[in-house]
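Secondary and tertiary structure notes
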Amino acid sequence: MTKDELKQSVCQIIEARREQIVAIGESINKEPELGFKEKKTANKVEKIFHTLGIAYEKELAVTGVKGRIKGKKSKRTVAVLGELDAVICARHPMADSLTGAAHCCGHNVQIAVIAAVGMALIEAGAMEVLSGDVVLFAVPAEEYVEITYRNKLREEGKIEYLGGKQELIRLGAFDDIDMALQMHLLTKKNDENVVWLGSTSNGFIGKLVEYRGKAAHAAAAPAEGVNALNAAMLGIMGVHAQRETFREEDYIRFHPIISHGGDLVNVVPDYVSMESYVRAASMEALRQSNAKIDRALRAGADSIGAEISIQNIPGYLPMNNNSDLNQIFESNAGFLYGKDNVRKGTHEAGSTDTGDLSHIMPTIHPWIEAVSGALHSKDYAIENIDAAYIKSAQALAMTIIDLLYGEGEVAEELLQSYKPLLTKNEYFDFLNSFAD
C-alpha cells in the first residue's frame, strides 16, 4: 500500500469500529478511579491488548500498562499516551459515590483512542510497512490530587514521584521510546470543533504546609492559646500581598485548601494543615515565586508565635510541544477537522505531567474542542463523539504512518535535528531541587 492508501484504510477501520471505541470510553467513564488506584481501568486495558494480541507490561508505576506493536523493522518507537485516572468532582452525575472520582477531563476518551489506534494499525496490516514500533501506553496518575495520600505512598517506598509520567520516567519505562503523542479534550467555544496546537502550560510545585500553635479554651482562656488557624490565614494574606510582584508573563498561581482547620469550635486551633500548588510558566519563575510564597507563609507563623513546617514536593514542568511533530499532526488534523479549525494554541495556566516528558523527548499534546461544560466541573460532558473519539484517533494513527512509513525517514530526520531541553539527569536534578 502507498502511504495515502494506508492512511485511508486506518481511517475507515476506526470509523467502522465507532461503537466499540465509544463503548470502551463509556465503560471507563462508569467506573472512574483516582491516580495510583486505577486497577479496574488498567484491567480493561489489559483485556483490550490481550484481545488484539499486543504484548504488554503491566503494573508499571503501580497501575500503568504498556503495549508494544512491532513494525517490520524496529528502528524508532512512537508512543501514543492515554491517562488512566479521573479527577475528584463529587457533583458530576457520573461520579463514584464513595470517592467522588469522575472523568471530567476526558481521560476515558484517551484510553479509547489508544485502543482505536491499535485496532486500526493491526487490522490494516500497517506494521508490515512501518519501520518502527508503536507503543500504546496507558499511564497512571496525571491528575495531581490526594497529595497527602500520594506522599504516604512515597514515604512507604511505593513511588518516588507523585505524578505518573514522572514515576515512569524514573523507572526507565520511556527509555525505549523516541517520541510521544497525546490528545486532550477541551470545552467548545462555538459551533466548530477547533484543534489547538502548540499550547504551552504552567509547571508547578506541590506544597504541604502545617501550622502548630497551642490549644486553649476559645472563650475562657484565649490568651493562653496560639491560634494556628490565624497563622495560616495571615500566611495566605501574606501571599496575597506578594501578588503585585508576580509578572503577568509568568502566570503565577497559588491556590491553597485548608485540609484541617481545627477540632472544636470552642478550642483555639493548635494544628492546621494546608495543601497547595505554586504554578508558573517557566522553571525560573517557579523557583522565584516559590521562595516568595514560602517566605510569606512563614511570616504568618512568626506573626503570632506559631510554628510552621513546609514540605515542597516536585510537581510538573511546563509543557513544550515539539514544532516538527506538531507540523506533521497539523496536516492530518487539517484534513479531518478542516484547515481553518486547526489553530495555534496559547498559554494554559493549568498543568500536565506530559510537560515533564516534553523536556526529554519530542512530544505533542493537542487540545481538541469537543466538550460542553468546564473541565473538572459537574457540567462536563462529551458533546461531539466524532471529534472526540473518531477524528482524534484517525489523526494520531495518520501521524504515526507519516513518521514510520517506508524506512521511517521522517522520524529519523526529526530525531536527528532534535535536542532535548533537559537530559534525564538534568530533569531529575531540577525536580529534586524542590524536594524536602
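Quick summary incoming for the structure in this document. (Residues numbered from 1 in each chain as written. Predicted model: local features only at pLDDT ≥ 70, side-chain atom pairs only at ≥ 80, totals over all residues. Heavy atoms only, no water.)

**Focus on the overall build of the protein**
- What the protein contains, in helices and strands, is 13 helices and 20 strands.
- At 23 Å, the protein has a C-alpha radius of gyration in line with the 22 Å of a compact globule built from 436 residues.
- Overall, the C-alpha framework of the protein stretches about 85 × 45 × 45 Å when taken along its three principal axes.
- Counting the 436 residues in the protein, one finds 58% classified as buried.
- For the protein, long-range pairs separated by at least 24 residues make up 80% of all intrachain contacts whose partners lie at least 6 apart in sequence.
- Looking at the protein as shown, the accessible area adds up to about 17,900 Å², and 50% of this sits on carbon and sulfur atoms. (Helix = DSSP H or I, 4+ residues; strand = E, 2+ residues; numbered from the N terminus. Rg over C-alpha atoms; globule rule 2.2 N^0.38 Å. Buried < 20%, exposed > 50% of the residue type's maximum accessible area, 1.4 Å probe, protein only. Contact = heavy atoms within 4.5 Å. Areas by Shrake-Rupley, 256 points an atom, 1.4 Å probe, with all protein chains shown as cover.)

**Points about the sheet that holds strand E3 (residues 76–83)**
- Taken together, the six strands give an open sheet; going across it, the order is E1-E2-E6-E3-E7-E18, and neighbouring strands pair in mixed fashion. Strands at the two margins of the open sheet, each flanked by one partner only, are strand E1 (55–60) and strand E18 (363–364).
- Inspection of the sheet shows E3 paired to strand E6 (residues 132–139) by eight bridges, in the parallel sense. Counted as the bridge partner of arginine 76 is glycine 132 from E6.
- Each of E1, strand E2 (64–69) and E6 touches helix H3 (residues 39–52); the most contacted strand, E2, lies at about 15 degrees to it. (Pairing = 2+ DSSP bridges. Axes fitted to C-alpha atoms, helices over the stretch in contact; angles between N-to-C directions.)

**A closer look at the packing of aromatic side chains**
- Applying the stated rule across the entire model yields ten aromatic pairs.
- Ring centres of tyrosine 144 and phenylalanine 204 lie 4.7 Å apart, and the angle between their planes is 85 degrees; this geometry places the pair in the edge-to-face category. Linking tyrosine 144 in the loop between E6 and helix H5 (147–155) with phenylalanine 204 in strand E11 (residues 203–212), this pair joins segments that are 60 residues apart in sequence. This pair shows no difference in class: tyrosine 144 is buried, exactly as phenylalanine 204 is.
- With 4.8 Å between their ring centres and 65 degrees between their planes, phenylalanine 204 and tyrosine 316 make a pair best called edge-to-face. Placement of phenylalanine 204 in strand E11 and of tyrosine 316 in the loop between strand E15 (307–314) and helix H9 (323–337) is noted, with a sequence separation of 112 residues between them.
- Among the aromatic residues, those joined into a cluster by ring pairs are Tyr144, Phe204, Tyr277 and Tyr316.
- Positioned above the aromatic ring of phenylalanine 204 is the side chain of arginine 279, whose terminal nitrogen or guanidinium carbon lies 5.7 Å from the ring centre.
- Here the guanidinium or amino end of lysine 391 rests over the ring plane of tyrosine 337, the centre of that ring lying 5.5 Å away. (Phe/Tyr/Trp six-rings, centres within 6.5 Å; stacked < 30°, edge-to-face > 60°. Lys NZ or Arg CZ within 6 Å of the ring centre and 35° of its normal.)

**Structural notes on the nonpolar core**
- Val117, Leu121, Leu136, Leu185, Ile400 and Leu403 are the most contacted members of the largest nonpolar core, which totals 78 residues.
- Take this core: its biggest share by element is 13 residues, from helix H11 (residues 385–404).
- Leave out the neighbours within four places in its chain, and leucine 403 touches Val78, Met179, Leu325, Ile328, Gly408, Glu409, Val410, Ala411 and Leu414. (Core = buried A, V, L, I, M, F, W, Y, C linked by side-chain atoms within 4.5 Å.)

**Notes on the environment of arginine 247**
- Its place among the elements puts arginine 247 in the loop between helix H7 (228–242) and strand E12 (253–254).
- Here the alpha-carbon distance between arginine 247 and serine 289, two residues 42 residues apart in the chain, equals 9.9 Å.
- One polar contact links arginine 247 to aspartate 250, side chain to side chain, over a distance of 2.9 Å. (Polar contact = N/O pair within 3.5 Å; in protein donor to acceptor, adjacent residues only side chain to side chain.)

**What to know about empty space enclosed by the protein**
- Tallied over the full model, the rule gives one cavity of 30 Å³ or more.
- Estimates place the volume of the largest cavity at around 40 Å³.
- Forming the boundary of the largest cavity are Phe204, Ile205, Leu286, Pro314, Gly315, Tyr316, Leu317, Phe430, Leu431 and Phe434.
- Within the residue set of the lining of the largest cavity, elements represented by two or more residues are E11 and helix H13 (424–432).
- Looking at the lining of the largest cavity, its residues break down into nine nonpolar, one polar and no charged. (1 Å grid on protein atoms, 1.4 Å probe; cavity = no way out; pocket = protein on both sides within 12 Å on 5 of 7 lines; lining within 4 Å. Points joined across faces, edges and corners; volume = space filled by probe spheres on them. Nonpolar A, V, L, I, M, F, W, Y, C, P; charged D, E, K, R; others polar.)

**Focus on unusual backbone geometry**
- In this structure, phenylalanine 36 is a non-glycine residue whose phi angle is positive, near 65 degrees.
- Relative to the helices and strands, phenylalanine 36 is located in the loop between helix H2 (18–29) and H3.

**Observations concerning the packing of H9 against H11**
- Closest axis-to-axis distance for the H9/H11 pair is 9 Å, and the angle between their directions is 135 degrees. Between H9 and H11, the interaxial angle falls into the category oblique. Crossing of H9 against H11: the hand is right-handed. Between H9 and H11, the contacting residues are Leu325, Ile328, Phe329, Asn332, Ala333, Phe335, Leu336 and Tyr337 on the first element and Ala387, Lys391, Ser392, Gln394, Ala395, Leu396, Met398, Thr399, Asp402 and Leu403 on the second.
- Tallied by class, residues from the contact of H9 with H11 come to twelve nonpolar, four polar and two charged. (Parallel < 35°, antiparallel > 145°, perpendicular 65-115°, else oblique. Left-handed = near helix turned anticlockwise from the far one by under 90°.)

**So, the layout of surface pockets**
- Size it by volume and the largest pocket reaches roughly 750 Å³.
- If you go around the largest pocket, you meet 30 residues; those closest to its centre are Val87, Glu143, Tyr277, Arg279 and His376.
- With four residues, strand E14 (residues 271–280) is the largest single contributor of residues to the lining of the largest pocket.
- The residue inventory of the lining of the largest pocket, partitioned by class, reads 15 nonpolar, nine polar and six charged.
- Of the voids in this model, the second largest pocket is the one considered here, and its volume is about 250 Å³.
- Of the residues that constitute the lining of the second largest pocket, the class distribution is ten nonpolar, one polar and four charged.

**Things to note about helix H12 (residues 409–417)**
- For H12, the complete set of buried residues consists of Ala411, Leu414 and Leu415. Down the axis of H12, the buried set is contained in an arc of 95 degrees. They therefore lie on one face. Opposite the packed face of H12, turned more than 90 degrees from it, sit the exposed residues Glu413, Gln416 and Ser417.
- Packed against the buried residues of H12 are E3, strand E7 (179–181), H9 and H11. (Arc of directions from axis to C-beta.)

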